[in-house]
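Chain and residue survey
The lines below spell out each chain.
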Amino acid sequence: MDIILASGSPRRKQLLETMGIRDFRVLVPDFDESSVALEAPAQLVEALSQGKAAAAAHKLNDPHALILAADTVVALGDTVLGKPADHLDAFRMLASLSKVRHQVYTGFTVRRGDQAVTSHEVTSVTFRPLSEEEISAYIATGEPMDKAGAYGIQGLGSLLVERIEGDYFNVMGLPVCHLGQVLRSFGVDCLKLANQ
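Keep in mind that this is a model prediction, so the values were computed, not measured.

A word on the nonpolar core. Residues Leu 94, Val 110, Phe 127, Tyr 151 and Leu 183 are the most contacted members of the largest nonpolar core, which totals 41 residues. Tallying contributions element by element places strand β3 (residues 66–76) first for this core, with 5 residues. By size, the runner-up hydrophobic cluster in this structure holds 10 residues, among which are Ile 4, Ala 56, Ala 57 and Ile 67.

On to the packing of aromatic side chains. This model, assessed by the stated rule, comprises 2 aromatic pairs. Residues Phe 127 and Tyr 151 carry aromatic rings whose centres are separated by 4.8 Å and whose planes lie at 70 degrees to one another, so their mutual orientation is edge-to-face. Remark: Tyr 151 occurs in the loop between α4 (132–140) and β7 (161–165) and Phe 127 occurs in strand β6 (residues 115–127); sequence separation between them is 24 residues. Residue Phe 127 shares its accessibility class with Tyr 151, and that shared class is buried.

It is worth spelling out the packing of helix α3 (residues 87–97) against α4 at this point. Geometry of a packed helix pair, given as the angle between the helix axes and the separation of the axes. Remark: α3 packs on α4, axes separated minimally by 10 Å, with the N-to-C direction vectors making an angle of 135 degrees. Considering the angle they form, α3 stands oblique to α4. In the crossing of α3 with α4, the sense of the turn from one axis to the other is right-handed. Facing α3, whose interface residues are His 87, Ala 90, Phe 91, Leu 94 and Ala 95, α4 presents Glu 132, Ile 135, Ser 136, Tyr 138 and Ile 139. Residue composition of the contact of α3 with α4, by class: 7 nonpolar, 2 polar and 1 charged.

Parameters at a glance
Residues numbered from 1 in each chain as written. Predicted model: local features only at pLDDT ≥ 70, side-chain atom pairs only at ≥ 80, totals over all residues. Heavy atoms only, no water. Core = buried A, V, L, I, M, F, W, Y, C linked by side-chain atoms within 4.5 Å. Buried < 20%, exposed > 50% of the residue type's maximum accessible area, 1.4 Å probe, protein only. Helix = DSSP H or I, 4+ residues; strand = E, 2+ residues; numbered from the N terminus. Phe/Tyr/Trp six-rings, centres within 6.5 Å; stacked < 30°, edge-to-face > 60°. Axes fitted to C-alpha atoms, helices over the stretch in contact; angles between N-to-C directions. Parallel < 35°, antiparallel > 145°, perpendicular 65-115°, else oblique. Left-handed = near helix turned anticlockwise from the far one by under 90°. Contact = heavy atoms within 4.5 Å. Nonpolar A, V, L, I, M, F, W, Y, C, P; charged D, E, K, R; others polar.

Structure follows, in structure tokens:
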């Protein structure tokens with residue numbers, strides 16, 4: 001089966017490999033994320049994943065390919081935090097997350113031909129209190145600049161996280177347990193693949 005990861009994220013690529021899926025191709029879809037204007041984080045990430053999957057399917061034009069697309073956002077109350085525009089934006093985001101519990105939403109779509117399943121997962125993350133000096137030092141590492149909410153839990157951002165409730169991998173960009181069940185419904189059994 002031709003499995004396509006419709007994402008340029010190295011973290012999603014790593015997570016698929018961790019799930020036992022090693023034989024897949026990466027195809028970054030040509031999709032304008034600004035075309036989706038939904039306020040609710042769950043609806044937003046699902047719509048973005050659907051748009052990316054559709055764009056990848058159109059580019060491939062192969063009804064037998066299995067396409068996986070995903071999108072992740074950080075939500076602080078009703079405010080959605082995407083990737084920071086610059087260092088000042090990253091500082092603002094991280095300062096707003098200091099001492100606060102927030103949610104990380106990842107929406108994903110698995111699609112083959114006319115069959116598609118779209119879902120999402122939410123994980124709660126609590127930051128410890130952060131000083132301005134710590135925030136500046138973290139931003140200086142460059143790690144926050146390509147990540148939703150301006151932090152990466154799998155890297156130095158782990159030093160900021162006091163508590164997590166839910167799927168850790170969801171915060172990295174793919175809800176592994178949930179996704180594994182959906183993939184199985186498409187005939188992709190990750191545990192069997194891992195043993196091949």
